[in-house]
Amino acid sequence: NPFTGPSPDDVVVNAQSKGVKSDKQKAKPKEAERITNGISHVDHGKSTLMGRLLYDLKVIDQRSLDKLRKEADAIGKSSFALAWVMDQTSEERSRGVTVDIATNSFETEKTRFTILDAPGHRDFIPNMIAGASQADFAILVVDAGTNSFESGLKGQTKEHALLVRSMGVQRLIVAVNKMDMVSWSEGRFQEISQQMSAFLTSAGFQPKNVTFVPCSGLTGGNVVNPPPEGTMLWYTGQTLVQELDASETTKRAIEQPLRLSIFDIFRGGVTNPLSVAGRIAAGSLQVGDQVLVMPSGEKATIKGIEIDNGAADWAVAGQMVTLHLTDIDPVHLRYGDVLCSPSNPIKNVKSFTAKILAFEHVLPMSVEVHQGRLNVAATVSRLVAVLDKSTGEVTKKKPRAVQPGAVARVVVELENAIPLEGRVILRAGGSTVAAGLIESSS
Ligand code: GDP
């Protein structure tokens, strides 16, 4: 098996923040780290498929799966065991401010992935989109079973695709699942691909950014391992995991200006008195580089880089890194601060206009703006317009309220100026009221 997977305890973020060192973390640095998000109509098999991915990539072990199988058998639903893998590990993984988004990491030869899922309410749209708001690309799971696809297409599947696209996710991998139920039929696969292509294009996805992969989460065919012998001889494409690995997203992110959001700060370390940890969201950095810390606007020099507890000379978008910094007073560094390149800095933002997807009613109201560990008090000060979900065109100016499920343009004023761009989550009273994409700021 060419794939190596970390144990559930092996999530880099956790390990770094606890300062834990384990042998497993000394694995070679991955080319990239990526966040992905699985979405599907209820019962199309998302949980089973994700469980299958985690199992075949050896993220979970046989013993844990056997335990789940036993519990599932006890209630007469043995096929649920794989789905529970996702739920169980999700709950254990939940952390930080994004409480309704849990993460699971797994790695292939080339890439480390983080799957975002919502514990409990697996198909609850708000949680799903909150996940998508951090995703580089989404996996859309559709059921190839006769009739299931058609009903899903009319309902949630289409809605999910629209919402994910409206949040700026460009790349979509469509897992045409449960192929074992349709005898791995080429005709069925083609039929689904063609119908999906048509509406995904109308939802704003470019055909070159959409890939269809036939598979079966339950049997594991064409997920990590090849399809069963003698089936799908017509198929010349890749397995789901190969397709995930081939995603171009990370290459594009590396070419953008440096952005690293600080996840953890360590003082008084042995290697260096001041270190920070975080995921490089865009760009690259190397030892000796000068970086700008926002919002303080102070500069620091990178004295050393650690990836998976090993020293490195450079790092790129997608990787979790620990940076040893010099030439800066620690008072200028806080959780959620952004490290960027002095030549192409991120702006400190006091107010922004965003395209939002409302999960609850949005009115002019007090909210908290969240992005990663960043969290700031704010006010939705103006409802500019309600927008058409697929075209983005204004359908109603100055609405009194934005209804749940609607896409709208709003103005948000922040209590303090903070470095902010890209996707944000708006929360109020402990629940997620909207996910947004910043269009302009000042
Ligand atoms: P979710 O609601 O989308 O997360 O769907 P689940 O993963 O819970 O699966 C729903 C049902 O479909 C369960 O009974 C699964 O065992 C079944 N299922 C999932 N994937 C497959 C598959 O690839 N083939 C078959 N035959 N059944 C599947």
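From a predicted model like this one, the values you see are computed outputs, not experimental measurements. (Residues numbered from 1 in each chain as written. Predicted model: local features only at pLDDT ≥ 70, side-chain atom pairs only at ≥ 80, totals over all residues. Heavy atoms only, no water.)

### What about the overall build of the chain?
Phase 1: A count of helices and strands for the chain gives ten helices and 22 strands.
Phase 2: The 442 residues of the chain split such that 54% are buried.
Phase 3: Across the chain, contacts joining residues at least 24 apart in sequence account for 73% of those joining residues at least 6 apart. (Helix = DSSP H or I, 4+ residues; strand = E, 2+ residues; numbered from the N terminus. Buried < 20%, exposed > 50% of the residue type's maximum accessible area, 1.4 Å probe, protein only. Contact = heavy atoms within 4.5 Å.)

### Comments concerning the pairing of strand β10 (residues 290-294)
Phase 1: Taken across its five residues, β10 has four buried, putting it largely inside the fold.
Phase 2: Note: β10 against strand β11 (residues 298-307), four bridges, orientation antiparallel. Its bridge partner lying in β11, Leu 292 is registered against Lys 299.
Phase 3: In the sheet, β10 pairs with strand β15 (residues 338-340) via three bridges, with the strands oriented antiparallel. Bridged to Met 294 within β15 is Val 338. (Pairing = 2+ DSSP bridges.)

### Observations regarding the nonpolar core
Phase 1: Val 174, Val 176, Met 196 and Leu 200 are the most contacted members of the largest nonpolar core, which has 39 residues in total.
Phase 2: Counting only elements with at least two residues in this core, the list comes to α2 (46-56), β4 (137-143), α7 (156-166), β5 (171-177), α8 (186-202), β6 (210-214) and α9 (240-245).
Phase 3: Grouped together as the second largest cluster of nonpolar side chains are 26 residues, Ala 358, Ala 378, Ala 406 and Val 410 included. (Core = buried A, V, L, I, M, F, W, Y, C linked by side-chain atoms within 4.5 Å.)

### Description of the pairing of strand β16 (residues 348-358)
Phase 1: Here β16 lies mainly inside the structure; nine of its eleven residues are buried.
Phase 2: Of the strand pairs in this sheet, β16 and strand β20 (residues 407-419) are connected by nine bridges, and their pairing is antiparallel. If you follow Ile 356 over to β20, its bridge partner there is Ala 408.
Phase 3: In the sheet, β16 pairs with strand β22 (residues 431-441) via seven bridges, with the strands oriented antiparallel. Among the inter-strand pairings, Lys 355 is bridged to a residue of β22, identified as Leu 437.

### Things to note about α8
Phase 1: Between the first and last C-alpha of α8 there are 24 Å, a value that for 17 residues agrees with the 24 Å anticipated at 1.5 Å per step.
Phase 2: Within α8, the full set of buried residues consists of Arg 188, Phe 189, Ile 192, Ser 193, Met 196, Phe 199 and Leu 200. Projection of α8 onto a plane perpendicular to its axis shows the buried side chains occupying an angular sector of 145°, all on one side. Opposite the packed face of α8, turned more than 90 degrees from it, sit the exposed residues Gln 194 and Ala 198.
Phase 3: Put simply, Ser 185 is the residue that caps the front of α8, since its side-chain oxygen is 3.2 Å from the backbone nitrogen of Gly 187.
Phase 4: With its phi angle positive at about 100°, Gly 204 sits one or two positions after the end of α8. (Expected span 1.5 Å × (residues − 1). Arc of directions from axis to C-beta. Polar contact = N/O pair within 3.5 Å; in protein donor to acceptor, adjacent residues only side chain to side chain.)

### Considerations on α2
Phase 1: Counting buried positions over the eleven residues of α2 gives eleven, a clear majority of the element.
Phase 2: Residues of α2 that are buried: Lys 46, Ser 47, Thr 48, Leu 49, Met 50, Gly 51, Arg 52, Leu 53, Leu 54, Tyr 55 and Asp 56.

### Focus on the packing of aromatic side chains
Geometry of an aromatic ring pair is reported as the spacing of the ring centres plus the angle between the planes.
Phase 1: Within this structure, the stated rule accounts for three aromatic pairs.
Phase 2: Here the aromatic rings of Phe 189 and Trp 234 are separated by 5.5 Å at their centres, their planes lie at 35°, and the arrangement is tilted. With a gap of 45 residues between them, Phe 189 in helix α8 and Trp 234 in the loop between β6 and α9 connect regions that are remote in the sequence.
Phase 3: By relative accessible area, which is 7% here, Phe 189 ends up buried. (Phe/Tyr/Trp six-rings, centres within 6.5 Å; stacked < 30°, edge-to-face > 60°.)

### Concerning the side chain of His 324
Phase 1: Note that His 324 resides in strand β14 (residues 320-326).
Phase 2: Here Glu 306 takes part through its side chain, which lies 3.1 Å from a polar atom of the side chain of His 324.

### What about the pattern of salt bridges?
A pair can form between side chains of opposite charge whenever their charged atoms are brought close.
Phase 1: Per the counting criterion, the structure on display carries five salt bridges.
Phase 2: Put simply, Arg 188 and Glu 191 hold a salt bridge, and the shortest N to O gap is 3.0 Å. Here Arg 188 and its partner Glu 191 are both found in helix α8, three residues apart, which amounts to about one turn of the helix.
Phase 3: On the basis of relative accessibility, which here comes to 35%, the residue Glu 191 falls in the partly exposed class.
Phase 4: The residue Glu 439 makes a salt bridge to Arg 409 at a minimum N-O spacing of 2.6 Å. In this pair, Glu 439 is assigned in strand β22 and Arg 409 in strand β20, connecting sequence segments 30 residues apart. (Salt bridge = Lys/Arg side-chain N within 4 Å of Asp/Glu carboxyl O.)

### A word on unusual backbone geometry
Phase 1: The linkage connecting Met 294 with the following residue, Pro 295, adopts the cis geometry, with an omega of 15°.
Phase 2: Inspection of the secondary structure assignment puts Pro 295 in the loop between β10 and β11.
Phase 3: You will see that Asp 327, though not glycine, has its phi angle at about 65°, which is positive.
Phase 4: Inspection of the secondary structure assignment puts Asp 327 in the loop between β14 and β15.

### Brief notes about the environment of Val 433
Phase 1: Within the secondary structure layout, Val 433 lies in strand β22.
Phase 2: Not counting residues within four places of it along the chain, the set of residues in contact with Val 433 comprises Leu 357, Ala 358, Phe 359, Glu 360, Val 362, Met 365, Val 367, Leu 426, Arg 427 and Ala 428.

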